[in-house]
Amino acid sequence: MRILVIGATGYIGGSVAARLLSAGHEVVGLARSTEKAARLRELGVEPVTAGLAYLATIADAAKGADAAINVADADNSFVVHALLDALEGSQKRFIHTSGSSVVADRACGEESAAIFNEDTPVEPLPERLLRVAVDRMLLASTQRGVQGVVIRPALVYGRGHGLNPHSLQIPQLIGLARQHGVARHVGRGLNIWSHVFIDDLADLYLAALSQAPAGSLFYAENGEASWKSMASAVGRMLGLGPRTEDWPVEEALAAWGASAITSYGSNSRVRSLKARRMLGWDPKGPALLDEIAMGCYSMDFGRN
């Protein structure tokens, strides 16, 4: 199949593109600059040089592909509209990447017992309303002759296989610990996030491409951990010891903006029941805390 990957230069998108290539698919990837386009070509991806604002170019690329995967911006309704218009009536597969942050709370470092699966009703906070609305457009796209599928990854970890090898969250925790000389977490750090290893996530996209019923929604997770335990693992990896320090919410908000509350201080606990049951998805990646202590983060960010 010829597959358009929007976000092929990013962390998740690059790994999805690499997995598709390894499975024998032809991959077309969006790149915002000629430099990144050249680097994509070296990886075996056919580049289309355009940013997300070039909706006509994106639509044309989708029309020339057998399927489209959006891994660029979960909140960009303009791109999704353009893709749905381009694919309308084609019965082509369109996989859209959302995120488990749609169920996040504002716990400010405190634990929540709430756990969500694909059938749990979601009442998102105001900051996630657009993301959920975009998801619902995809899930309803069967009415327009498009095989829409939504994947909501939890916190993604591990070394990627594209131009960008690392996601944001764990490296940001590492940078914070380096800055203060001690591992820190927002508030008491008791809040919990589910997580998923990058290779397992890429496998889920491959399975969804060929097996997922149109209109399906899948969470992607293979475990969960508190932010305090993540910070402690970071401290040990950096040689700072396992002790962690509370980071006052006001200070975190001033430094990191709203994400200090909506991501690093929140709970997002999900279970990927349908991915396992419907697609036979069987994640096998290393546990997050082990990956921090002995995996790619230790190799790439460990003590000098």
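On a predicted model such as this, the values are computed, not experimentally measured, just so you know. (Residues numbered from 1 in each chain as written. Predicted model: local features only at pLDDT ≥ 70, side-chain atom pairs only at ≥ 80, totals over all residues. Heavy atoms only, no water.)

**Student:** How should I be thinking about empty space enclosed by the protein in this particular structure?
**Tutor:** A full pass over the atoms with the stated rule returns one cavity of 30 Å³ or more. Taken as a whole, the largest cavity encloses approximately 30 Å³ of empty space. Lining the largest cavity are L173, L176, R184, H185, V186, W227, W247, W256 and Y264. Of all the secondary-structure elements, those providing two or more residues to the lining of the largest cavity are α6 (169-180) and β8 (183-186). (1 Å grid on protein atoms, 1.4 Å probe; cavity = no way out; pocket = protein on both sides within 12 Å on 5 of 7 lines; lining within 4 Å. Points joined across faces, edges and corners; volume = space filled by probe spheres on them. Helix = DSSP H or I, 4+ residues; strand = E, 2+ residues; numbered from the N terminus.)

**Student:** How do you make sense of the pattern of salt bridges when you look at a structure like this?
**Tutor:** All chains considered together, the criterion is met by 17 salt bridges. Here D282 and K284 are joined by a salt bridge, their closest N and O atoms 2.3 Å apart. We classify K284 as exposed; its relative accessible area is 63%. Through salt bridges with shared partners, one network takes in E111, E224, R269 and R271. (Salt bridge = Lys/Arg side-chain N within 4 Å of Asp/Glu carboxyl O. Buried < 20%, exposed > 50% of the residue type's maximum accessible area, 1.4 Å probe, protein only.)

**Student:** Before we go on, may I ask you to explain α6 in this structure?
**Tutor:** Since there are 3.6 residues in each turn of an α-helix, residues three or four apart along the chain are aligned in direction. Compared with an ideal rise of 1.5 Å per residue, which puts twelve residues at 16 Å, α6 spans 17 Å between its outermost C-alpha atoms and is within 8% of the ideal. Looking one or two places after α6, you find G181, whose phi comes out positive at around 75 degrees. (Expected span 1.5 Å × (residues − 1).)

**Student:** Can you help me understand the sheet that holds strand β7 (residues 155-157) in this one?
**Tutor:** Pairing between sheet strands relies on hydrogen bonds along the backbone, with the strands arranged either parallel or antiparallel. Taking strand neighbours across the sheet as the criterion, the three strands line up as β7-β9-β11 in an open arrangement whose pairing is mixed. Looking at strand neighbours, the two that pair on one side only are β7 and β11 (224-226), the edges of this open sheet. Each adjacent strand pair in this sheet contributes to an overall mean axis angle of 45 degrees, direction not counted. With three bridges joining them, strand β9 (residues 192-197) and β11 adopt antiparallel strand pairing. Bridging across to β11, W193 finds its partner in A225. (Pairing = 2+ DSSP bridges. Axes fitted to C-alpha atoms, helices over the stretch in contact; angles between N-to-C directions.)

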